[in-house]
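Fold and contact review
Spelled out from the first residue to the last, the chains are:
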Amino acid sequence: MTRDDAAVAHDGDAGVPGSLARVLGDVAAERAAQDARWGMQAVPDGTGTEGAVAEADGARRETEEAARRGELTWRHILREEVLEAFAESDPEALRTELIQVAAVAVKWAQALDRRPEDTGKPRSGPGETAPEAVGEADAKIAEALGEADAKTVGGPRLEAAGEARPERFRAIVDVHVMLVRDGTVLLGKRSGTGYGDGRWHLPSGHLEPGESVVGAAVREAREEVGVTIRPEDLEFAHVMHRAPDRVGLFFLARKWAGEPYNAEPHKCAALAWRPLGQLPDDTIGYPAEAIARVLEEEPFALYGWPAEG
């Protein structure tokens with residue numbers, strides 16, 4: 001393969017120069033047509049409903065089984081991604097899943113463009129040869145996705161040339177700070193975030209690259225409620241594994257510098273001190289459960305997973 005051929009094979013064009021730009025242009029045109037007809041629609045997400053996680057898990061298992069049987073199709077791949085998006089209620093995680101859905105749909109469209117109408121077989125581009133080592137359906141998918149893209153998109157386990165390359169699971173880590181004073185805990189009423197708006201939550205946020213969980217807790221407390229907590233004044237209290245891919249770490253703080261205030265009014269409508277044992281009914285479910293576990297001195301809990309046994 002020449003240097004130019006290698007560039008064609010790794011620039012998203014799947015061996016057909018201009019393939020990616022063509023599909024993305026079609027997507028942009030369709031988006032413009034939808035905007036002209038309906039405008040920017042402000043409707044609820046409707047995701048994260050009861051049973052959605054189980055449906056996503058079922059789709060993942062179906063995809064894996066199809067891959068093992070050599071019967072993997074684009075329908076399996078896209079259905080898994082869509083149902084994984086349906087299972088997310090957190091806006092950031094949902095956005096990540098929707099990008100994955102879009103990426104798979106674009107790849108599928110590129111795969112369709114690669115098929116000559118008369119044969120239904122992949123069209124050979126510069127430096128390409130027809131696949132021989134794997135089944136025809138798997139070969140089309142493996143060519144269009146490629147190992148690196150499958151990892152990025154979070155796609156299924158593909159077998160290329162007889163070698164299984166399983167995707168390594170990566171959890172999303174978030175930290176939560178329980179500022180406790182005289183038997184009460186500080187809560188914020190979320191607003192304008194797209195997740196849990198109008199409901200009470202702890203100061204919290206995602207772990208950033210290169211950041212320790214203690215550093216993240218200190219940062220979130222400063223950013224959200226304007227207080228400074230020394231790392232040594234944070235007490236680890238609880239870890240919660242939330243389905244399907246969240247690990248939440250909860251820290252207690254009884255000492256800090258500064259009086260808490262609403263430092264992010266664009267994300268928070270109000271702050272309030274509430275008794276630890278009598279949280280508002282409209283507190284978001286998982287932090288309420290975690291606080292209850294902390295009161296019981298239970299260091300670990302599962303949340304949102306189907307009952308085992």
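Each remark here, short or long, concerns the structure printed above.
The structure reproduced in this document is the subject of the present report. Bear in mind that the values here come from a model prediction, so they are computed numbers and not experimental data.

This brings us to the overall build of the protein. When helices and strands are tallied, the protein shows eight helices and 10 strands. The buried share of the protein, taken over its 309 residues, is 37%. Taking the intrachain contacts of the protein between residues at least 6 apart in sequence as the baseline, contacts between residues at least 24 apart amount to 66%. Carbon and sulfur atoms make up 52% of the accessible area of the protein, which amounts to about 17300 Å² in all.

Let us now look at the pairing of strand β3 (residues 172–181). When you tally the buried positions in β3, you get seven out of 10 residues, the bulk of the element. In terms of strand pairing, β3 meets strand β8 (residues 246–253) through eight bridges, oriented parallel. Opposite V175, over in β8, you have L249 as the bridge partner. Pairing geometry for β3 and strand β4 (residues 184–190), over two bridges, is antiparallel. The residue of β4 that forms the bridge with R181 is T184. Count of turn residues in the β3/β4 antiparallel hairpin: two residues, of which D182 carries a positive phi of about 50 degrees.

Before going further, it helps to examine the packing of helix α2 (residues 19–38) against helix α5 (residues 91–113). Across the interface, α2 lies against α5 with an axial gap of 10 Å and an inter-helix angle of 120 degrees. The angle between α2 and α5 places the two elements in the oblique class. Note on packing geometry: the crossing formed by α2 with α5 is right-handed. Residues S19, L20, R22, V23, L24 and V27 of α2 form the contact with α5, whose participating residues are V106, A109, Q110 and D113. When the residues that make up the contact of α2 with α5 are grouped by side-chain class, the tally is six nonpolar, two polar and two charged.

Counting across every chain of the model gives 20 salt bridges. Between R60 and E80 there is a salt bridge, and its shortest N-O distance comes to 3.9 Å. Pair noted here: R60 is in helix α3 (residues 52–69) and E80 is in helix α4 (residues 74–86), with a separation of 20 residues, a long-range link. For R60, a relative accessible area of 23% translates into the label partly exposed. Salt-bridge contacts for K255 lead to D233; the nearest nitrogen and oxygen are separated by 3.9 Å. One end of the pair, K255, is in the loop between β8 and β9 (268–275); the other, D233, is in the loop between α7 (213–225) and β7 (234–242), and 22 residues separate them in sequence.

Cut-offs and rules
Counting restarts for each chain: residues are numbered from 1 in the order of the written sequence. Local features in a predicted model are, by the rule used here, given only for residues with pLDDT of at least 70; side-chain atom pairs are given and counted only at 80 or more, and totals for whole chains, interfaces and linings are based on all residues. To get the side-chain values, all heavy atoms of the structure are used, and hydrogens and water are removed first. Strands are runs of DSSP state E lasting at least two residues, helices are runs of H or I lasting at least four, and both sets are numbered from the N terminus onward. Think of it in three bands: residues with accessible area under 20% of the maximum for their type are buried, residues over 50% are exposed, and the middle band is partly exposed, with areas taken using a 1.4 Å probe on protein chains only. Contact between two residues is taken to exist if any of their heavy atoms lie within 4.5 Å; hydrogens are not considered. Only the protein chains shown count as cover for residues, and the accessible areas themselves come from Shrake-Rupley with a 1.4 Å probe. Criterion used throughout: strands pair if DSSP finds at least two bridges between them. The axes are straight lines fitted to the C-alpha atoms, using for helices just the contacting stretch, and the angles between their N-to-C directions are given from 0 to 180°. When an angle is under 35 degrees it counts as roughly parallel; over 145 it counts as roughly antiparallel; between 65 and 115 it counts as roughly perpendicular; any other value is oblique. Handedness of each helix crossing follows the sense of rotation of the near helix against the far helix: counterclockwise by less than a right angle gives left-handed, clockwise gives right-handed. Basically, the charged four are Asp, Glu, Lys and Arg, the nonpolar ten are Ala, Val, Leu, Ile, Met, Phe, Trp, Tyr, Cys and Pro, and anything else, Gly included, counts as polar. We define a salt bridge as a contact between a side-chain nitrogen of Lys or Arg and a carboxyl oxygen of Asp or Glu at a distance within 4 Å.

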